[in-house]
Amino acid sequence: MNVVSIVKRCALACALSLLLVICASAQSDGSTVKILFTHDLHSHLDEYVMAGESVGGAARLKTLLDAKRGETEAAILVDGGDFSMGTLYQTVFSTQAAELTMLGYLGYDATTFGNHEFDYRDEGLSDMLRSAAKKREQDPSLILPKMLIANIDWNDPAIGPALEAYNGGTYAPYTIIERGGVKFGVFGVMGEDAVECAPATELTFTDIVSVSRVYASMLRDRGADIVICLSHSGVWSDIDRSEDEQLAMAVPEIDVIVSGHTHTKLEEPIRHGDTYIVSCSEYCQYLGELDLVRRDDGRWELADYTLNPIDDSVAADEDIACRLNEYRAQIDESYLKNFGYTYDQVLAVSSANFKQFADFGQGLGGEPLGSIIADAYRFAVREAEGEDYEPVAAAVAPMGTIRDTIQNGEVTVWDAFNVCSLGIGKDGITGYPLVSIYLTGAEIRTAAEIDISVSPLMSAARLYPSGVEWTYNPNRMILNKVTDVKLVGENGAYEELEDDKLYRAVLGLYAAQMLGAVEDVSYGILSITPKDKNGVPIENYEDHIIYDREGNEVKEWYALASYLDSFPENEDGVSVIPSTYAEPDERKICDDSTALWDVLKNPNSIALTIYGVVIVLAALVVLTVVVIVRRIRRKRR
């Protein structure tokens, strides 16, 4: 082949390539979309420190969003639920609806409910929705995101009218948004595990698969080019338990699932068929970004996927920063004033190096953060009851109710609240209260077994105790791993548990309400029946809330704040967290022996039952073999 031929062929190839690029560009007109997403924000509207770095913040997020929206007209911004419950911003839910109104100012198109929105109870959630609607009336610049939840009864009087008012007079649990020539069809659902984590709601939730089939099909019929499901259900390492993966496989008509609830950070989307599952971690650490291009068959192909860090490299938007200042002023005036605090008041200084929240509770052993919270519960009850104090034998802080850690340096009221930020009390005031229950010694042993045997399957059930310690052997049979449990008095003296004796215990209201879920995970084998001081089973935990001498509920977060404020002061007059919390103490002792005696000793009733069954089965096998051998011998004779 001569040089001229080669040049002609190269020129032809370049021309063809250029033509293909031009054609491709023409075909991609209106067929490339950008989905921006978050989930599990948990009221984290301010920047905060994590592992020594400043991250998050709605003001930074606004700057990042403005830049991303400028890249294409075919962009949508959505949230996967649990936008509330996590910082003091949640305390003004009924007057400011800070989280929802801020989503509006940030330009979110749609969101859905997570289980923690129901921590306000149905009435409180309705108040928040109505408050947001009222704010919209007062500020014409506020455009609230659509609230989309398809698997509840929108006609339910507990929530329906408030949803209608919030969504501007419509009951539709879905929406179609047109951007850049593309119609985005969006609906929301809340999964089974999330529903189980919302004990305060009286709403009925239907199966997400059957509901999603209906709405995915409906959105297609109504002209949606792309179907997005905001699913507060989550993904897990066990695919059989991974609700959003099960949803993707069961409803292939869905193009994208924004997965909340499990606080998962997916570095790459999970793909099942033509459905992409995306997730970007919690607390406004990242802005998720999914770019898709439409194929000839109408479905969508991955073009790019990015988790954009929200850190100090992103400038804060001044307008959003000013709005946050207004919210904080309301928090001091309408909430913290009742407790004698301000949000930036310093309670203590810490050099204890508590674990970062992402690393907290990774093993079965003790955690200083859990210990200081449980100790705070006992301290607060003693302070609240004064001369009428009845000793608390044990207090427990479950991992599922701990929402943040304590950083080194100054610890403010804001920081203390964030650690124990969930819920609302019977009084209608934000913050779960402490409750007083009575357990037998045998049930305290069961609680220890729940911690060791059940928490690997249900991390929220991991317990951090005060006033009690247990020894466990991880090599023993499940549900029989705890070998010893002892009470530790306030003077440090040990006391042997009596199985039939009643002991006073303290925990948060939410933790008490979730005891049934623990029983379900163990298939009813491990169960605890909380009682009153007379041994009568408790039917309503709200009847056993702990009050101070002025009749105020003792909130979990206030227990921690007042405990931090009680420590000895330094030369600057600021309390100092004791060095005893710098390392895990021996409240949960691991005996890792593999010796046969250590593995089999001190069997509980569950182990004895299993051993008995095994012995009976073994005896039956031996008896069967003996009978067979005898018959064979007889035949031979």
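Engineer: Describe in detail the sheet that holds strand β12 (residues 275-278), supporting the description with residues and values.
Structural biologist: Whenever strands of a sheet pair, they do so through backbone hydrogen bonds, lying parallel or antiparallel. Judged by pairing direction, the sheet is mixed, and its 6 strands sit side by side in the order β7-β8-β9-β10-β12-β11 without closing on themselves. Two strands close off the open sheet at either side, each with one partner strand: β7 (174-179) and β11 (270-272). The mean angle between the axes of side-by-side strands here comes to 20 degrees, regardless of whether they run parallel or antiparallel. Where β7 and strand β8 (residues 182-190) come together, 6 bridges link them in antiparallel fashion. Directly across from Tyr174, in β8, lies its bridge partner Phe187. Across the face of the sheet, helix α8 (residues 243-250) comes into contact with β9 (226-232), β10 (256-260), β11 and β12 while running at roughly 165 degrees to β10.

Engineer: Kindly report on the environment of His544, identifying the contributing residues and their values.
Structural biologist: On the secondary structure map, His544 appears in the loop between α14 (515-521) and α15 (556-565). The spacing of His544 and Tyr523 is 21 residues in sequence and 27 Å in space, taken between C-alpha atoms. Beyond its immediate sequence surroundings of up to four residues, His544 is in contact with Leu434, Val435, Ser436, Asp532 and Ile538.

Engineer: Residue-level account of the sheet that holds strand β24 (residues 575-576), with values.
Structural biologist: The strand order across the open sheet formed by 3 strands is β17-β15-β24, and the pairing between neighbours is mixed. Every other strand in the sheet has two partners, leaving β17 (409-412) and β24 as the edge strands with one partner each. For strand β15 (residues 346-350) and β17, the ladder comprises 4 bridges, and the chain directions are antiparallel. Along β17, the bridge assignment pairs Val346 with Thr412. Strands in contact with α15 are β15, β17 and β24; relative to β15, the strand with the most contacts, it is inclined by about 65 degrees.

Engineer: I'd like a rundown of the packing of helix α3 (residues 98-106) against helix α9 (residues 318-334), residues and numbers included.
Structural biologist: At a minimum axis separation of 11 Å, α3 and α9 run at an interaxial angle of 170 degrees. Between α3 and α9, the crossing angle belongs to the class labelled roughly antiparallel. In this structure, α3 contributes Ala98, Thr101, Met102, Tyr105 and Leu106 to the contact, and α9 contributes Ile320, Arg323, Leu324 and Tyr327. Split by residue class, the contact of α3 with α9 holds 7 nonpolar, 1 polar and 1 charged.

Engineer: Which residues make up a nonpolar patch on the surface, and what values go with them?
Structural biologist: A cluster of nonpolar side chains, Val616, Leu617, Leu620, Leu623 and Val627, forms an exposed patch at the surface whose accessible area comes to about 440 Å². Looking at the element boundaries, Leu620 is found in helix α17 (residues 605-636). Judged by relative accessible area, Leu620 falls into the partly exposed class, the value being 46%.

Engineer: So what about the nonpolar core? Which residues, and what values?
Structural biologist: If you look at soluble globular proteins, the nonpolar side chains tend to sit buried side by side. In this structure, Ile372, Ile373, Trp557 and Leu564 are the most contacted members of the largest nonpolar core, which totals 147 residues. In terms of residues, this core owes the most to one element, helix α10 (residues 368-385), which gives 10 residues. With near-sequence residues (within four places) excluded, Trp557 lies in contact with Tyr335, Leu336, Phe339, Tyr341, Val413, Ala416, Phe417, Cys420, Thr430 and Gly431. The next biggest cluster of nonpolar side chains, apart from the first, holds 47 residues, and it includes Ala74, Ile177, Leu230 and Ala248.

Engineer: Kindly report on α8, identifying the contributing residues and their values.
Structural biologist: Burial in α8 covers these residues: Glu243, Asp244, Glu245, Leu247 and Ala248. The inward-facing, buried residues of α8 contact α6 (192-196), α7 (208-221), β9, β10, β11 and β12.

Engineer: Quick rundown of the pairing of strand β13 (residues 286-294)? Include the residues and the values.
Structural biologist: Along any regular strand, the residues point their side chains to alternate faces of the sheet. Counting buried positions over the 9 residues of β13 gives 7, a clear majority of the element. Both strand β1 (residues 32-38) and β13 contribute to a ladder of 6 bridges, which runs antiparallel. Bridged to Leu36 within β13 is Glu289. Where β13 lies against strand β14 (residues 300-309), 9 bridges are found, and the strand directions are antiparallel. Counterpart to Val293 in the pairing with β14 is Glu301. If you look at the hairpin formed by β13 and β14, you'll find 5 residues sitting between the two strands, and Gly298 has a positive phi there, around 95 degrees.

The rules behind each value
Residues numbered from 1 in each chain as written. Predicted model: local features only at pLDDT ≥ 70, side-chain atom pairs only at ≥ 80, totals over all residues. Heavy atoms only, no water. Pairing = 2+ DSSP bridges. Helix = DSSP H or I, 4+ residues; strand = E, 2+ residues; numbered from the N terminus. Axes fitted to C-alpha atoms, helices over the stretch in contact; angles between N-to-C directions. Contact = heavy atoms within 4.5 Å. Parallel < 35°, antiparallel > 145°, perpendicular 65-115°, else oblique. Nonpolar A, V, L, I, M, F, W, Y, C, P; charged D, E, K, R; others polar. Patch = residues over 30% accessible without salt bridge, like charges linked within 9 Å, V, L, I, M, F, W, Y side chains within 5 Å. Areas by Shrake-Rupley, 256 points an atom, 1.4 Å probe, with all protein chains shown as cover. Salt bridge = Lys/Arg side-chain N within 4 Å of Asp/Glu carboxyl O. Buried < 20%, exposed > 50% of the residue type's maximum accessible area, 1.4 Å probe, protein only. Core = buried A, V, L, I, M, F, W, Y, C linked by side-chain atoms within 4.5 Å.

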